[in-house]
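# Fold and geometry: a report
Here is what each chain is made of, one letter per residue.
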Amino acid sequence: MATANLTVDHLPTPAERPAADVVIYDGQCKFCSTQVRRLNRFDTGGRLAFISLHDPQVASRWPELQHDDLMREMYVIDRNGHQHRGADAGKYLSRRMPSLWWAAPLLHIPFSMPLWRWMYRQVANRRYLFGRVETCTDACSIHR
């Protein structure tokens with residue numbers, strides 16, 4: 001049974017999917033980890049790989065990314081090396097993944113990105129509070 005659980009919760013890494021877009025997320029945040037697992041379930045085409053911003057490979061692979069910036073927003077590094085972050089990452093993924101196309105019309109309303117960015121920041125700034133839904137590690141109390 002543990003093997004089946006690992007399969008469900010396993011997030012493919014950049015090493016396992018070298019041609020995939022890479023999602024960099026806060027792996028110490030229960031809320032973020034839950035959302036990324038959901039995103040992985042939407043990825044029926046294997047277009048994404050995932051890595052925690054706390055993994056040392058992030059700093060060596062993308063030295064231009066600052067830890068504080070990564071703590072503020074999820075990043076998606078596409079196959080061409082372009083960086084998409086926060087709400088813009090969501091907008092990018094809505095075009096990239098067929099199972100998220102339902103969100104594309106909302107995220108592509110002209111002049112709406114400032115609102116989406118603001119909403120993303122509100123959730124991101126409170127993510128450790130939302131993480132209390134599950135048992136949380138010490139990271140939640142540090143960031144509250």
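Anything mentioned here points back to the structure above.
Residues numbered from 1 in each chain as written. Predicted model: local features only at pLDDT ≥ 70, side-chain atom pairs only at ≥ 80, totals over all residues. Heavy atoms only, no water.

### Regarding the pairing of strand β1 (residues 21-25)
Counting buried positions along β1 yields five of five residues, so the element is predominantly enclosed. Here β1 shows a buried face lined by Asp21, Val23 and Tyr25 and a second buried face lined by Val22 and Ile24. The pairing of β1 with strand β2 (residues 48-52) spans five bridges and is classified as parallel. Across the sheet, residue Ile24 finds its bridge partner in β2, namely Ile51. (Buried < 20%, exposed > 50% of the residue type's maximum accessible area, 1.4 Å probe, protein only. Helix = DSSP H or I, 4+ residues; strand = E, 2+ residues; numbered from the N terminus. Pairing = 2+ DSSP bridges.)

### Some words on the side chain of Asp21
Within the fold, Asp21 resides in strand β1. Residue Asp21 is classed as buried on the basis of its relative accessible area of 0%. Polar contacts involving the side chain of Asp21 include one to the side chain of Tyr92, which spans 2.7 Å. Once you skip the residues sitting within four places of it in the chain, Asp21 turns out to touch Arg47, Leu48, Ala49, Val76, Ile77, Asp78, Arg79, Tyr92 and Arg96. (Polar contact = N/O pair within 3.5 Å; in protein donor to acceptor, adjacent residues only side chain to side chain. Contact = heavy atoms within 4.5 Å.)

### A word on the sheet that holds β1
Spatially, the four strands line up as an open sheet ordered β2-β1-β3-β4, and their pairing is mixed. On the outer flanks of this sheet lie β2 and β4 (83-85), each paired with one strand and no other. Pairwise comparison of adjacent strand axes, ignoring direction, gives a mean angle of 25° for this sheet. Judged from the three bridges that link them, strand β3 (residues 75-77) and β4 form a sheet pairing that is antiparallel. Paired with Ile77 across the two strands is Gln83, which belongs to β4. (Axes fitted to C-alpha atoms, helices over the stretch in contact; angles between N-to-C directions.)

### Quick notes on the environment of Leu115
Turning to its location among the elements, Leu115 is positioned in helix α7 (residues 113-125). Put simply, Leu115 and Ala87 are 28 residues apart on the chain and 9.3 Å apart in space, counted from C-alpha to C-alpha.

### Regarding the pattern of salt bridges
Considering all chains together, one arrives at six salt bridges under this definition. A salt bridge links Arg96 to Asp21; the shortest N-O distance between them is 2.7 Å. With a gap of 75 residues between them, Arg96 in helix α5 (residues 86-96) and Asp21 in strand β1 connect regions that are remote in the sequence. Linking Asp26 and Arg127 is a salt bridge whose minimum nitrogen-to-oxygen distance equals 3.1 Å. Residue Asp26 is found in the loop between β1 and α2 (30-42), and its partner Arg127 is found in helix α8 (residues 127-130); the two are separated by 101 residues along the sequence. (Salt bridge = Lys/Arg side-chain N within 4 Å of Asp/Glu carboxyl O.)

Read these as spatial facts, not as claims about activity.
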